[in-house]
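Observations on the three-dimensional arrangement
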Amino acid sequence: MANEAKDKMTIILFSGELDKALAAFTLATTAASSGMDVTIFFTFWGLNLLKKVSRKPKKESWMNKMLNMVNKGLPLSRLNMFGMGSWMMKKMMKDARMASLEDLMKLAKQLNVKYIACTTSCTVMGLGEGDLIEGVTSFAGAATYLAEAKESKINLFI
Amino acid sequence: MANEAKDKMTIILFSGELDKALAAFTLATTAASSGMDVTIFFTFWGLNLLKKVSRKPKKESWMNKMLNMVNKGLPLSRLNMFGMGSWMMKKMMKDARMASLEDLMKLAKQLNVKYIACTTSCTVMGLGEGDLIEGVTSFAGAATYLAEAKESKINLFI
Amino acid sequence: MANEAKDKMTIILFSGELDKALAAFTLATTAASSGMDVTIFFTFWGLNLLKKVSRKPKKESWMNKMLNMVNKGLPLSRLNMFGMGSWMMKKMMKDARMASLEDLMKLAKQLNVKYIACTTSCTVMGLGEGDLIEGVTSFAGAATYLAEAKESKINLFI
């Protein structure tokens, strides 16, 4: 690496919960706005964050339908009182004038945070390129993540 | 960094569960007692570990009350059989003569483990300085964490 | 460290869920097959992955029996629809011709991924050497993990 290379951070976003996604994107956007080179590797439930809302998965099997049922919306990682948790957190964030997840994801793209969608997880979940939002930088596997992480000063699994 | 600088470790403690807190404080105290410089950044549910037991949050809204209901005590991160999980783990730890979380947290302070409370999370949860235990070293945001993590050899998100 | 030393990665496998275990072993085997030196430190629920299926824990107390009930099989980390989650994921993985967890764990051993079983967790859970599979490289505590992690380029807590 050249001396003038930017400091790097990688995040594996494995979780699909609202609170963990907020933590990941707060870290990613703060790092990127301070000049770091940030890559988020979306895998497993984390891929839900990259799904187009309107599109159905390409391979719409009954299993996908059931998985979508499970995945609908982003729950909190903790007991969420029959679905009230996410709503409460959004309300509290709004009251405290915090950025929403949507705002943070927009900001992340403006700051050139790289989004890598895990090819293996996409295959398992029947998700094709057309099912994901435009911000996805590339589709790649664990080897690509590891190459990036080896060069990074901060690597987190969220 | 000078050559004589201590090796550093940072932990983001996002989770509020007993088992994850035990893992975090076991790592933190072991690292600190071997001469490492350790910082724990408490965010989201992790902030519950810093709450004074007797005090109510400053902004006691009905939402805070409900969040507190959700957060009461530290559950395990896994299915806990109607609340038996935490109690069982405490009993088993005692039987095995393990240090309790309270002991580990006391030890952490004796070993100068730094506690940073995430300002953003405090705002969302309506927690002021007076609501938190005395061991808190400072209130700061993601930028402070990142500056610390960039200088650290081990960075974990728990 | 000598220049010819291999790049290292450590994973703390704290979680006992199928999806997180799959993520951990996919990363571990990919790293090891690209020439990295990989250590997995199994602690808390992660120890379930190392249990011999047929053996009962040495100290078979009623608490162990209950813990085993809780731990039976590897659930998913997300809402699993009354147990259907794991089964669904296995079916989808098979349909997508993915390696199973069993395959990945076999591969990990062929690639010399080191398994360290956390002594503290073993004590709490009443697990002796005879209760664990043969692949376990050693029994050790947090200090051993930290020594390894300080020398590693990638450290993850899963």
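Further up the page is the structure itself.
Residues numbered from 1 in each chain as written. Chains lettered and ligands numbered in written order. Predicted model: local features only at pLDDT ≥ 70, side-chain atom pairs only at ≥ 80, totals over all residues. Heavy atoms only, no water.

Scanning chain A for helices and strands turns up 6 helices and 5 strands. In chain A, the order of α-helices and β-strands from amino to carboxyl end is β-α-β-α-α-α-β-α-β-α-β. By the burial criterion, 56% of the 158 residues in chain A qualify as buried. Long-range pairs, those at least 24 residues apart, make up 75% of the contacts in chain A between residues at least 6 apart in sequence. When the accessible surface of chain A is summed, it comes to about 7,200 Å², and 55% of that surface belongs to carbon and sulfur atoms. (Helix = DSSP H or I, 4+ residues; strand = E, 2+ residues; numbered from the N terminus. Buried < 20%, exposed > 50% of the residue type's maximum accessible area, 1.4 Å probe, protein only. Contact = heavy atoms within 4.5 Å. Areas by Shrake-Rupley, 256 points an atom, 1.4 Å probe, with all protein chains shown as cover.)

All names here are of chain B. Here helix α1 (residues 18-33) crosses helix α4 (residues 101-110) at 35°, and the two axes come no closer than 9 Å. As for the relative orientation of α1 and α4, their crossing is left-handed in sense. The residues of α4 that touch α1, namely those facing Leu18, Ala21, Leu22, Phe25, Thr26 and Thr29, are Leu101, Leu104, Met105, Leu107 and Ala108. Taken together, the residues of the contact of α1 with α4 break down into 9 nonpolar, 2 polar and no charged. (Axes fitted to C-alpha atoms, helices over the stretch in contact; angles between N-to-C directions. Left-handed = near helix turned anticlockwise from the far one by under 90°. Nonpolar A, V, L, I, M, F, W, Y, C, P; charged D, E, K, R; others polar.)

With that settled, the discussion passes to the pairing of strand β2 (residues 37-42) of chain A. All names here are of chain A. Most of β2 is tucked away, with 5 of its 6 residues classed as buried. Bridge count between strand β1 (residues 8-13) and β2: 6 bridges; the pairing is parallel. In the strand pairing of β2, Thr10 is matched with Thr39. This β-α-β element, β1 to helix α1 (residues 18-33) to β2, shows right-handed connectivity. (Pairing = 2+ DSSP bridges. Right-handed = clockwise from strand over helix to strand, strands pointing away.)

Picture the strands of a sheet paired through backbone hydrogen bonds; they go either parallel or antiparallel. All names here are of chain B. Read across the open sheet, the 5 strands follow the order β4-β3-β2-β1-β5; overall the sheet is parallel. Two strands in the sheet have a free side with no partner beyond their single neighbour: β4 (138-140) and β5 (154-157). For this sheet, the mean angle separating the axes of adjacent strands, direction not counted, is 20°. Strand direction decides the pairing type here: strand β3 (residues 114-118) and β4, joined by 3 bridges, are parallel. Bridged to Cys118 within β4 is Ala140.

Residues and elements named next belong to chain A. What the rule picks out here adds up to 18 aromatic pairs over all chains. Consider the rings of Phe25 and Phe42, whose centres lie 6.3 Å apart with planes at 35°: the pair is tilted. With Phe25 in helix α1 and Phe42 in strand β2, this pair connects stretches of sequence that are 17 residues apart. Phe42 shares its class with Phe25; the two are buried. (Phe/Tyr/Trp six-rings, centres within 6.5 Å; stacked < 30°, edge-to-face > 60°.)

Let us look at the environment of Lys106(A). Residues and elements named next belong to chain A. You can see Lys106 is positioned in helix α4 (residues 101-110). Judged by its relative accessible area of 56%, Lys106 falls in the exposed class. In sequence terms Lys106 and Val136 are 30 residues apart; their C-alpha atoms lie 12 Å from each other.

The subject of this paragraph is the environment of Glu102(C). Position of Glu102(C) among the secondary structure elements: in helix α4 (residues 101-110). When the C-alpha positions of Glu102(C) and Phe25(C) are compared, they lie 9.9 Å apart, and in sequence the two are 77 residues distant.

We now examine the sheet that holds strand β5 (residues 154-157) of chain A. Residue and element names in this part refer to chain A. If you trace the 5 strands from one edge of the open sheet to the other, you get β4-β3-β2-β1-β5, paired in parallel fashion. Lying at the two open borders of the sheet, with one neighbouring strand each, are β4 (138-140) and β5. Across the sheet, the mean angle from the axis of one strand to that of its neighbour is 20°, orientation sign disregarded. Packing of α1 onto the sheet brings it into contact with β1, β2, β3 (114-118) and β5, and relative to β1 it is tilted by some 165°.

Time to look at the packing of α1(A) against helix α6 (residues 142-150) of chain B. When two helices pack together, their arrangement is given by the angle between their axes and by how far apart the axes lie. Two numbers describe how α1(A) lies on α6(B): the axes approach to 9 Å, and their chain directions differ by 70°. In terms of orientation, α1(A) lies roughly perpendicular with respect to α6(B). Across from Thr26(A), Leu27(A), Thr30(A) and Ala31(A) in α1(A), the residues of α6(B) making contact are Ala142(B), Ala143(B), Tyr145(B) and Leu146(B). Considering only residue class, the contact of α1(A) with α6(B) consists of 6 nonpolar, 2 polar and no charged. (Parallel < 35°, antiparallel > 145°, perpendicular 65-115°, else oblique.)

The next thing to look at is the pattern of salt bridges. With the rule as written, the count across this model stands at 15 salt bridges over all chains. Lys8(A) serves as the salt-bridge partner of Glu148(A), at 3.5 Å between the closest nitrogen and oxygen. Residue Glu148(A) is found in helix α6 (residues 142-150), and its partner Lys8(A) is found in strand β1; the two are separated by 140 residues along the sequence. Judged on exposure class, the residue Glu148(A) and its partner Lys8(A) are both buried. For Lys150(C), the salt bridge goes to Asp7(B), with nearest N and O atoms at 3.5 Å. (Salt bridge = Lys/Arg side-chain N within 4 Å of Asp/Glu carboxyl O.)

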